[in-house]
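Report on the structure
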Amino acid sequence: MYIGCWANSAGNTIVSKLIGNITIKSGKKKSHPLNATEVYAKKYYASHVQPAVKEELDAMKNAVDAPEPKSR
């Protein structure tokens, strides 16, 4: 086996494990396996964007002049 092929297959195994962990945690069945970019985007959102959005929403809820939430 060529070194490049071995490295490529080893890298794919790691990415597959990461994708498997994320799809198992989400609990939803995906229509297709996630590619590396989708895995990165999902992890970035969970670690950087989501906490900031949650903090902002909590601040809005606690504000004195907060508008009433719209019902669906």
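Treat the numbers as computed from the prediction; the structure is a model and nothing was measured.

Rules used throughout
- Residues numbered from 1 in each chain as written.
- Predicted model: local features only at pLDDT ≥ 70, side-chain atom pairs only at ≥ 80, totals over all residues.
- Heavy atoms only, no water.
- Helix = DSSP H or I, 4+ residues; strand = E, 2+ residues; numbered from the N terminus.
- Areas by Shrake-Rupley, 256 points an atom, 1.4 Å probe, with all protein chains shown as cover.
- Expected span 1.5 Å × (residues − 1).
- Bend = angle between axes of the 7 residues up to and from the residue.
- Polar contact = N/O pair within 3.5 Å; in protein donor to acceptor, adjacent residues only side chain to side chain.
- Salt bridge = Lys/Arg side-chain N within 4 Å of Asp/Glu carboxyl O.
- Buried < 20%, exposed > 50% of the residue type's maximum accessible area, 1.4 Å probe, protein only.
- Patch = residues over 30% accessible without salt bridge, like charges linked within 9 Å, V, L, I, M, F, W, Y side chains within 5 Å.

A few words now on the overall build of the protein. When you go through the protein residue by residue, the secondary structure sums to two helices and zero strands. Total accessible area on the protein is roughly 6800 Å²; 61% of this is exposed by carbon and sulfur atoms.

This part is about helix 2 (residues 36-62). Counted at 1.5 Å a residue, the expected span for helix 2 with its 27 residues is 39 Å, and the 38 Å between its end C-alpha atoms agrees. In helix 2, a bend of some 45° at Tyr45 exceeds every other bend along the element. At the N-terminal boundary of helix 2, the capping side chain belongs to Asn35, with an oxygen 3.1 Å from the backbone nitrogen of Thr37.

In this section: the pattern of salt bridges. Across all of its chains, the model carries one salt bridge by this definition. A salt bridge links Lys54 to Asp58, with the shortest nitrogen-to-oxygen separation between them at 3.8 Å. Here Asp58 and Lys54 lie together in helix 2, a separation of four residues that amounts to about one turn. Of the residues examined, Asp58 reaches a relative accessible area of 31% and is grouped as partly exposed.

Time to look at a nonpolar patch on the surface. Taken together, the side chains of Tyr40, Tyr44, Tyr45, Val49, Val53, Leu57 and Met60 present a nonpolar region at the surface, about 670 Å² in accessible area. Within the secondary structure, Tyr45 sits in helix 2. Judged by its relative accessible area of 40%, Tyr45 is partly exposed.

Before going further, it helps to spend a moment on the environment of Ser47. You can see Ser47 is positioned in helix 2. When its relative accessible area of 45% is taken as the criterion, Ser47 is described as partly exposed. One polar contact links the side chain of Ser47 to the main-chain carbonyl oxygen of Lys43, over a distance of 3.0 Å.

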